[in-house]
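Residue-level structural notes
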Amino acid sequence: MAVDIVIYHNPECGTSRNTLAMIRNAGIEPHVVEYLKTPPARALLVELIDRAGMTPRELLREKGTPYAELGLGDTSLSDDALVDAMMAHPILINRPLVVSPLGVKLCRPSEAVLDLLPSDQLGAFAKEDGEQVVDASGQRVA
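This write-up is about the structure you can find in this document. This structure is a prediction, so every number in the text was calculated from the model and none was measured.

**Overview of the pairing of strand β2 (residues 31-34)**
Strand direction decides the pairing type here: strand β1 (residues 6-9) and β2, joined by 4 bridges, are parallel. Bridged to isoleucine 7 within β2 is valine 32. Read from β1 through helix α1 (residues 14-25) to β2, the crossover connection turns out right-handed.

**Focus: the pattern of salt bridges**
In this structure the tally under the stated criterion is 10 salt bridges. Here glutamate 111 and lysine 127 are joined by a salt bridge, their closest N and O atoms 2.7 Å apart. Pair noted here: glutamate 111 is in the loop between β4 (103-106) and β5 (125-126) and lysine 127 is in the loop between β5 and β6 (132-134), with a separation of 16 residues, a long-range link. For the pair glutamate 111 and lysine 127, a shared accessibility class is recorded, and that class is buried. Salt bridges sharing common partners tie together Arg42, Asp80 and Asp84.

**Examining the environment of leucine 20**
The topology assignment puts leucine 20 in helix α1. As for leucine 20 and asparagine 10, which are separated by 10 residues in sequence, their C-alpha atoms are 10.0 Å apart. Among residues more than four places away in sequence, those in contact with leucine 20 are Ile7, His9, Pro30 and Val32.

**Overview of helix α2 (residues 42-51)**
Among all positions of α2, only Leu45, Leu48 and Ile49 are buried. Along the long axis of α2, the arc covered by the buried residues comes to 100°, so they all point the same way. Along α2, the residues that are exposed and aim more than 90 degrees away from the buried face are Ala43 and Asp50.

**Section: the sheet that holds β4**
With respect to topology, 4 strands assemble into an open sheet ordered β2-β1-β3-β4, the strand pairing being mixed. Each edge of the sheet is formed by a strand with only one pairing partner; in this case those strands are β2 and β4. Each strand axis lies, on average, 15° off the axis of its neighbour in the sheet, ignoring direction. As defined by bridge partners, β1 adjoins strand β3 (residues 97-100) across 3 bridges and the pair is classed as antiparallel. Following the sheet pairing, tyrosine 8 is matched in β3 by leucine 97. In the packing of α2 onto the sheet, contacts are made with β1, β3 and β4, and the angle to β3 comes to roughly 80°.

Criteria and cut-off values
- Residues numbered from 1 in each chain as written.
- Predicted model: local features only at pLDDT ≥ 70, side-chain atom pairs only at ≥ 80, totals over all residues.
- Heavy atoms only, no water.
- Pairing = 2+ DSSP bridges.
- Helix = DSSP H or I, 4+ residues; strand = E, 2+ residues; numbered from the N terminus.
- Right-handed = clockwise from strand over helix to strand, strands pointing away.
- Salt bridge = Lys/Arg side-chain N within 4 Å of Asp/Glu carboxyl O.
- Buried < 20%, exposed > 50% of the residue type's maximum accessible area, 1.4 Å probe, protein only.
- Contact = heavy atoms within 4.5 Å.
- Arc of directions from axis to C-beta.
- Axes fitted to C-alpha atoms, helices over the stretch in contact; angles between N-to-C directions.

Here's what the structure looks like:
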């Protein structure tokens, strides 16, 4: 299927790997951007945050990042300051961020990506931890 989907991906992250696998389970090969190696330009990051209906603070990742050392918990910091921090330290950008014709979303949990896919899953899907997300008929498990 010729669908333009982009995933801002970290191959070290299980949630990101599960999200990528669900995109592929829909028969779609996305454009994979390993954002730690190739971070988005500032203007693109701001656009993605806006299109996702988020604030920069909502996209900030705390775990495994310099969040605390940089004092990013300070609620008086401006959106520009938070974006500056993400540009200087891309690990602060939470993942996976997925862009599709149906919108932009931070896919945490990974099954949130199903809302962005224009086609159904081709078969069953279980996350790396064994949690069944899609049944054998390609339908989301409630």
